[in-house]
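# Descriptive analysis of the structure
Listed below are the residues making up each chain.
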Amino acid sequence: MRLDKYLSDMGAGTRSELKKEIRRGSVSIDGTVVKDPGFSVTPSSRVTFRGAEVAYEEFVYYMLNKPAGIISASEDGREATVVDLIAEPKRKDLFPVGRLDRDTEGLLLITNDGALSHRLLSPKHHVDKVYYVKAAGILSESDAEEFSRGITLPDGLECLPADLKILSVSSSDNTSEAEITIREGKFHQVKRMFSAIGSEVLYLKRLSMGPLQLDPALDTGEYRRLTEEEKQALGI
Ligand code: URA
């Protein structure tokens, strides 16, 4: 790979900035200053930029606790996206694995690993997603049974069976709290399912996706790299 691309992939700057820096002599490979931006770097090369080693990572994985009010996209000409919340020197190829609605909070994986994203999102794989829901109305076991049979939405969409665990109901403010596990990820799926049983989602937060659980230590808007154990659990 070209030296300027290597450094830009690792978030050291734009290709044009880096070309200038390289020509200025800011980069060494295996201890020797290299001034050619097109110099070919191999995986075993030790690259230093302004004195600091820049190791090559092909794939990166961040767990974000998505806050409400931010869109799940890589970039948007007009407003900040979930990828903009990753404040490290960052790569241009990051994207969120799937989408949460603007007002949904919780677990979102941000990566540049397209194969993993495909595995987690492919409808064939039925990866479990667990959400905490605060809903209008009093949920009952008959709602849970309806979800477990697989409900049909008003537009004819047949949902796969989903598990509804009712956590609490409050007759004073006519709301319920529950956890719902779905195995697919259709547009506004949880909200549409609750609407189909005559309820309304008031607050929605994703707690897990497959083996990956939202770290309770992450406040909304915070993120961290996946641990080695989490990567292993995801098969990476
Ligand atoms: N289902 C929804 O309705 N919204 C989300 O953001 C995620 C699942």
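Residues numbered from 1 in each chain as written. Predicted model: local features only at pLDDT ≥ 70, side-chain atom pairs only at ≥ 80, totals over all residues. Heavy atoms only, no water.

### Let's talk about the site of the ligand
Close to the ligand lie L100, D101, T104, Y131, H188, Q189, V190, K191 and L204, which account for all nearby residues. A distance of 3.4 Å is found between an oxygen atom of the ligand and a backbone nitrogen or oxygen belonging to Q189. When the free accessible area of the ligand is taken as 240 Å², the share hidden by the protein chains comes to 96%. The site holding the ligand turns out to be the largest pocket. The element best represented in the shell around the ligand is helix α5 (residues 189-196), accounting for 3 residues. (Near = heavy atom within 4 Å. Polar contact = N/O pair within 3.5 Å; in protein donor to acceptor, adjacent residues only side chain to side chain. Areas by Shrake-Rupley, 256 points an atom, 1.4 Å probe, with all protein chains shown as cover. 1 Å grid on protein atoms, 1.4 Å probe; cavity = no way out; pocket = protein on both sides within 12 Å on 5 of 7 lines; lining within 4 Å. Sits in = over half its atoms within 2 Å of the grid points. Helix = DSSP H or I, 4+ residues; strand = E, 2+ residues; numbered from the N terminus.)

### Here's the deal with the sheet that holds strand β2 (residues 32-33)
Spatially, the 4 strands line up as an open sheet ordered β2-β1-β3-β4, and their pairing is antiparallel. Since the sheet does not close on itself, it has two edges, and those belong to β2 and β4 (52-53), each with one partner. (Pairing = 2+ DSSP bridges.)

### Comments concerning the domain arrangement of the protein chain
Each assigned domain of the protein chain is listed here: domain 1 (3-53), domain 2 (61-100 + 107-123 + 222-233) and domain 3 (128-209). Using C-alpha coordinates to define each centre, domain 1 is positioned 51 Å away from domain 3. (Domains from an automatic or database assignment.)

### Let's talk about α5
Buried residues of α5: Q189, V190, M193 and F194, and no others. The arc that holds the buried residues of α5, viewed along the axis, is 130°, so those residues lie on one side. Where α5 is buried, its residues meet β8 (129-136), α4 (141-149), β9 (163-170), β10 (175-182) and β11 (200-209). Among the residues trailing α5, G198 stands out with phi positive, at a value near 85°. (Buried < 20%, exposed > 50% of the residue type's maximum accessible area, 1.4 Å probe, protein only. Arc of directions from axis to C-beta. Contact = heavy atoms within 4.5 Å.)

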